[in-house]
Amino acid sequence: MGPGALAGGADGDGGGAVVTAVDLLLGTVDGGASPAPRPRIGWLSARRRPAVVAIARRLDLDVEVVDEREALERGRPWDVVTADASTVPVAPLRLTELARRTGARYPNAAALGLAADPAAARAALAAAGFPVTGEGEPDGRWSTVAVARRPSGWWRLVESAGATPVDPIALELTVSAAAGLDVAGVLAVEVVTMGDQAFVDAVRVGPHPDDPRAVEAHLRGLLDLPLEADPAGLPR
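Not measured: the values here are computed from a predicted model. (Residues numbered from 1 in each chain as written. Predicted model: local features only at pLDDT ≥ 70, side-chain atom pairs only at ≥ 80, totals over all residues. Heavy atoms only, no water.)

Some points on the packing of helix α2 (residues 50-58) against helix α8 (residues 212-222)
- At a minimum axis separation of 10 Å, α2 and α8 run at an interaxial angle of 55 degrees. For the element pair α2 / α8, the angle class is oblique. Here the hand of the crossing between α2 and α8 comes out right-handed. Facing α2, whose interface residues are Val52, Ile55, Ala56 and Arg58, α8 presents Pro212, Val215, Glu216 and Leu219.
- Of the residues contributing to the contact of α2 with α8, the split by class is 6 nonpolar, no polar and 2 charged. (Axes fitted to C-alpha atoms, helices over the stretch in contact; angles between N-to-C directions. Helix = DSSP H or I, 4+ residues; strand = E, 2+ residues; numbered from the N terminus. Parallel < 35°, antiparallel > 145°, perpendicular 65-115°, else oblique. Left-handed = near helix turned anticlockwise from the far one by under 90°. Contact = heavy atoms within 4.5 Å. Nonpolar A, V, L, I, M, F, W, Y, C, P; charged D, E, K, R; others polar.)

Brief notes about the pattern of salt bridges
- Here the structure, examined in full by the defined rule, presents 6 salt bridges.
- Two residues, Glu216 and Arg58, come together in a salt bridge whose shortest N-O distance is 2.6 Å. In this pair, Glu216 is assigned in helix α8 and Arg58 in helix α2, connecting sequence segments 158 residues apart.
- For Arg149, the salt bridge goes to Asp182, with nearest N and O atoms at 3.2 Å. Of this pair, Arg149 sits in strand β6 (residues 141-149) while Asp182 sits in the loop between α7 (168-180) and β8 (185-194), and the two are 33 residues apart along the sequence.
- Relative accessible area serves as the criterion here: at 5%, Arg149 is assigned to the buried category. (Salt bridge = Lys/Arg side-chain N within 4 Å of Asp/Glu carboxyl O. Buried < 20%, exposed > 50% of the residue type's maximum accessible area, 1.4 Å probe, protein only.)

Some details on the pairing of strand β4 (residues 62-66)
- Among the 5 residues in β4, 4 count as buried, and that is most of the element.
- Strand direction decides the pairing type here: strand β3 (residues 40-44) and β4, joined by 5 bridges, are parallel. Counterpart to Trp43 in the pairing with β4 is Val65.
- With α2 bridging β3 and the parallel β4, this β-α-β connection has right-handed handedness. (Pairing = 2+ DSSP bridges. Right-handed = clockwise from strand over helix to strand, strands pointing away.)

Let's talk about the sheet that holds β8
- Strand order across the open sheet formed by 4 strands is β7-β6-β8-β9, with antiparallel pairing between neighbours. Of all strands in the sheet, those bounded by a partner on one side alone are β7 (155-157) and β9 (197-205). Mean inter-strand twist for the sheet, computed between neighbouring axes without regard to direction, equals 30 degrees.
- When β6 meets β7, the two strands line up antiparallel, connected through 3 bridges.

Brief notes about the confidence of the model for the protein
- Scored by pLDDT, the protein has a mean of 77; 75% of the residues are at 70 or more.
- Of all helices and strands in the protein, the one with the weakest mean pLDDT is strand β1 (residues 28-29) (33), whereas α7 scores best (95).
- Contacts from residues 4-8, a stretch scored under 50 in pLDDT, to residues over four places away or in other chains number 14 contacts.
- With pLDDT under 50 throughout, residues 12-33 is counted as low confidence; its partners more than four residues away or in other chains account for 53 contacts. (pLDDT = per-residue confidence, 0-100.)

Some points on the sheet that holds β3
- In space, the 3 strands of this open sheet follow the order β4-β3-β5, with parallel pairing throughout. Bordering the open sheet on either side are β4 and β5 (80-83), each of which pairs with just one other strand. Each neighbouring strand pair of the sheet contributes to a mean axis angle of 25 degrees, computed without reference to strand direction.

Right under this line is the structure:
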């Protein structure tokens, strides 16, 4: 499977229905004696992102979308901090500070740092054995492949409506990169394929905030919740 051996596998068969209940985290614990508390998530963004809040409410998750100044001033007691993809170029240091002040988990710290600096990302991935593009724009087929991954290793492809079929070679490289970076949530990789080879050009952490499927997959991945059903209908 290439560099960065894959952990787990595809979360479902790609055609299963999305699991709407977040029973792994929000169900009962200790034999049903008491409900688990709702995780509190801080979502850093320059805009309010009502779609993110709406999806979180549907999943019975507590998500607060704030900009950097508001977040640092309030110091909310979050359990997890994250950001949408458009915020990543300026997010790593700010998310680190938010995590320090709130005591929250900060998943994807390494991946976010690489997403903010494409040249550093290619250098780090190359050092880890991943094939990367060189100087300039290589000839080949360019595509962006997004996957959602759980910390436990399960993953699935994040497909937008009307998207073209994904090249299996590009998907394999994206999944390997997500596993190698230990991503929780959504990772998108810009891939160049030439014949039977694929190369990483850039990585992006977090979902597009206007893509409901990607936002839901990111929230589930962050909290290690089922991404979708397997062929037997069981949550993974």
